[in-house]
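# Residue-level structure breakdown
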Amino acid sequence: MLKAMAKDAGFLKHKRISNHSVRKLLVQKLRNANIPPTETMAITGHKNVQSITNYSNISVEQQQK
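Residues numbered from 1 in each chain as written. Predicted model: local features only at pLDDT ≥ 70, side-chain atom pairs only at ≥ 80, totals over all residues. Heavy atoms only, no water.

Looking at an unreviewed UniProt entry, one finds the protein chain named Tyr recombinase domain-containing protein, with Dreissena polymorpha as its source organism.

Encoded structure:
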């Protein structure tokens, strides 16, 4: 299902897209938007803060600031 959605969205074929990569990207985007961890957990379905901490590496842009 995800492959079909990615194709329909026009993602490039050489990019690997998985449920994990999409979930990680969402957590990073929410963190970059200063969304509190509890709200991020509610959106993504994570059960504890540590699990989203593992996904939410600081972006290069944040590191440069």
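### Points about the overall build of the protein chain
Looking only at helices and strands, the protein chain features five helices and zero strands. Looking at the protein chain as a whole, 15% of its 65 residues are labelled buried. Here the analysis covers contacts within the protein chain between residues at least 6 apart in sequence; of these, 37% occur between residues at least 24 apart. Within the structure as shown, the protein chain displays about 5,500 Å² of accessible surface, and the carbon and sulfur contribution to it stands at 56%. (Helix = DSSP H or I, 4+ residues; strand = E, 2+ residues; numbered from the N terminus. Buried < 20%, exposed > 50% of the residue type's maximum accessible area, 1.4 Å probe, protein only. Contact = heavy atoms within 4.5 Å. Areas by Shrake-Rupley, 256 points an atom, 1.4 Å probe, with all protein chains shown as cover.)

### Here we look at the environment of Ile43
Mapping Ile43 onto the fold places it in helix α3 (residues 37–44). Along the primary structure Ile43 and Leu30 are separated by 13 residues, whereas in three dimensions their C-alpha atoms are 9.5 Å apart. Once you skip the residues sitting within four places of it in the chain, Ile43 turns out to touch Leu26 and Leu30.

### Considerations on α3
In an α-helix, one turn spans 3.6 residues; hence positions three or four apart end up facing the same way. All buried positions along α3 are accounted for by Thr40, Met41 and Thr44. For α3, the angular spread of buried residues about the axis comes to 100°, placing them on one side. Exposed residues pointing more than 90 degrees away from the buried face of α3 are listed as Thr38, Ala42 and Ile43. Residue Gly45 follows α3 closely and has a positive phi angle near 85°. (Arc of directions from axis to C-beta.)

### Regarding the side chain of Thr44
With respect to the helices, strands and loops of the structure, Thr44 is situated in helix α3. Apart from the residues lying within four places of it in its own chain, the contact partners of Thr44 are Arg23, Leu26, Val27, Leu30 and Ile52.

### Points about the environment of Ile17
Following the sequence through the fold, Ile17 ends up in the loop between α1 (2–9) and α2 (19–32). Overall, the relative accessible area of 26% leaves Ile17 in the partly exposed class. Taking the C-alpha atoms as reference points, Ile17 and Ala6, eleven residues apart in sequence, are found 7.6 Å from one another. Beyond its immediate chain neighbours, meaning those up to four positions away, Ile17 contacts Leu2, Ala6, Phe11 and Val22.

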